[in-house]
Amino acid sequence: MTALVGVLNRHAVAIAADSAVTMGNIHKVVNSANKIFTLSKYHPVAVMTYNNAVFMGVPLDIIIKEYRKQLEDKCFPCVKDYMNDFISFLHARNFFCDERTQQDVMISLLDSFVNACRNEILRDKGIEIPRQTEEIIEEKLNACLLSNKSADKCPEFTSYSYQDFNNYAKVRIENYAKNKSIKNSNLLSESFFYFLSAKFSQPFYTGLVFVGYGESEIYPSLFPINVCLGIDNHLKYYLDENNVAQITEHGTPAIIIPFAQIDVTQTIIRGINPSFQDIIYNVIDKSITAFSASITSILDTTPSTSLVSEAVKRLNLKSIINDITTQINKEMRETYTNPLLNTVISLDKEDMANMAESFISLTSLVRRMQPGEETVGGPVDVAVISKGDGFVWINRKYYFKPELNPSFFSNYFK
């Protein structure tokens, strides 16, 4: 796992990342991963990565450095344009893999989809996987189809029909269904297609955070996307719109945005741990519902109060609960978030870098104190990007001694 953070104001953007990475399914954690890369050698723009460190079987650092190599000194007006150009680059290089690899990755995701469906049946109905009948599985696939069909689609799947997908993947999916003893391969294929095209995070996705300045931008911006796979010349990705950050002249003057393991940073920003906040909201929901039921049960015992009971039953409890949680969120913003951001507005580059590093270090400390794997740890890489100074490393780990390798730095701009 990973912890990343971006701290933005009108002076610059400071970014930081830990070095921990989990090796496949063996649950071995090593602290040597690089998650911050310059996207251009000549312009103030970078990319951070989290979650899956490979795309279509190719390490992300190779793909990013290949993009940087072909970009040369070319620049774009906005950071979002770099993001779009990177997506076009993946297409131009055929997703860095051949057709067989694309189909193998598709089947791997299909297997994860089927396993997730079976696990949800086990969780919701208590039916163990060996005892799940064809009818139960079809019911679940139909439910997934109905849900995902109405979901927002990823950009490159809006014009990609199920018929197009079926022509491409029918044989492989039929073979998979036969091996897994799933009789209705057509239902499986259609349900999987809408799962594949829906705009939400899926297994094996890679998070890419494009951050910095475009040529025409005087304030920093940040655009995160989730990328999953390439299939039939279509890239499954979508823009994480909730975490887009743009510093503007008359709008937002400062932002703190964490990615991946965000709980510790959000605790500092909001003044409460997100998990504890969810517990409070659930207790409020259950308490108000139970309180309303208790009142109506008492009123129903007396004919003279039956009309009052009916009026209480007609109350929109959901709206009341939403009003309460909205007010709590407003109080947290005014008490904790806004004062912190007001401080960030005036921070200089060095203090912004220290703040970004501290968020990651605190997350690492919390993970070290908790049971289980230390999924955030190792050296913290920190960089500051500004319009005038460009990309500047504050802390950076090397797998070699820099003083012994001057040729590495002299070759960087060749």
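Structure first, text after, so check above.
Values in this document were obtained by computation on a predicted structure and should not be read as measured data.

**Student:** What am I meant to see in the pairing of strand S14 (residues 381-386) here?
**Tutor:** Side chains on a regular strand alternate between the two faces of the sheet. Most of S14 sits inside the fold, with six of its six residues counted as buried. Here S14 shows no split at all, with Asp381, Ala383 and Ile385 on one side and Val382, Val384 and Ser386 on the other all buried. The sheet contact formed by strand S2 (residues 13-17) and S14 spans five bridges and is antiparallel. For isoleucine 15, the partnering residue across the bridge sits in S14 and is alanine 383. With antiparallel pairing between neighbouring strands as the criterion, S14 and strand S15 (residues 390-395) make up a hairpin whose turn holds three residues.

**Student:** Help me understand the state of the cysteines, please; the structure alone is not making it clear to me.
**Tutor:** Note: disulfide means a covalent bond formed between the sulfur atoms of two cysteine side chains. All chains considered together, the criterion is met by zero disulfides. Not part of a disulfide, cysteine 75 finds its nearest cysteine sulfur in cysteine 78, a span of 11 Å. Take cysteine 154: it sits in no disulfide, and the sulfur closest to it among the cysteines is that of cysteine 228, at 8.5 Å.

**Student:** Can you help me understand the pairing of S2 in this one?
**Tutor:** Of all the five residues making up S2, five are buried; the element is thus mostly covered by neighbouring parts of the structure. Along S2, one buried face is formed by Val13, Ile15 and Ala17 and the opposite face, lined by Ala14 and Ala16, is buried too. Sheet analysis places strand S1 (residues 3-9) next to S2, joined by five bridges and oriented antiparallel. Pairing of valine 5 across the sheet is with alanine 16, part of S2.

**Student:** Explain a nonpolar patch on the surface here, please?
**Tutor:** On the surface, Ile268, Leu362, Leu365 and Met369 cluster together into a nonpolar patch covering about 360 Å² of accessible area. The element best represented in the nonpolar patch is helix H11 (residues 349-369), accounting for three residues. Looking at the secondary structure, you find leucine 362 in helix H11.

About the cut-offs
Residues numbered from 1 in each chain as written. Predicted model: local features only at pLDDT ≥ 70, side-chain atom pairs only at ≥ 80, totals over all residues. Heavy atoms only, no water. Buried < 20%, exposed > 50% of the residue type's maximum accessible area, 1.4 Å probe, protein only. Helix = DSSP H or I, 4+ residues; strand = E, 2+ residues; numbered from the N terminus. Pairing = 2+ DSSP bridges. Disulfide = S-S within 2.5 Å. Patch = residues over 30% accessible without salt bridge, like charges linked within 9 Å, V, L, I, M, F, W, Y side chains within 5 Å. Areas by Shrake-Rupley, 256 points an atom, 1.4 Å probe, with all protein chains shown as cover. Salt bridge = Lys/Arg side-chain N within 4 Å of Asp/Glu carboxyl O.

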